[in-house]
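# Results of the structural survey
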Amino acid sequence: MSYTIGFQAKNQKGILATEAATANQAVAIIAALRQSSDEIKFIRSPQEGEMGIEMLLLLAKEEAEEMPQRV
């Protein structure tokens, strides 16, 4: 499932967006954006629609549980 993260970089007026292929990648992008003081404006996926960070974290957890364990 793909995710679009909209954010506003500090000292910028427009909203930028980036794509992530998985919920775990989206969580990593959000963490990096937060460290750089960028403001998250939206998180969206074609399947789930608009969501908050808490919902994204839940989806990432479910995604990790569904992935086959490597030995």
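Residues numbered from 1 in each chain as written. Predicted model: local features only at pLDDT ≥ 70, side-chain atom pairs only at ≥ 80, totals over all residues. Heavy atoms only, no water.

### Structural notes on helix α2 (residues 53-66)
Taking 1.5 Å of rise per residue, 14 residues should cover 20 Å, and α2 covers 20 Å from first to last C-alpha, within 8% of that figure. Inspection of α2 places I53, L56, L59, A60 and E63 among the buried residues, and these make up the whole buried set. In an axial view of α2, the angular spread of the buried residues amounts to 115°, which keeps them on one side of the axis. More than 90 degrees from the buried face of α2, the exposed residues found are E54, K61 and E65. Residues of α2 that are buried sit in contact with β1 (3-8), α1 (23-35), β3 (39-45) and β4 (49-51). (Helix = DSSP H or I, 4+ residues; strand = E, 2+ residues; numbered from the N terminus. Expected span 1.5 Å × (residues − 1). Buried < 20%, exposed > 50% of the residue type's maximum accessible area, 1.4 Å probe, protein only. Arc of directions from axis to C-beta. Contact = heavy atoms within 4.5 Å.)

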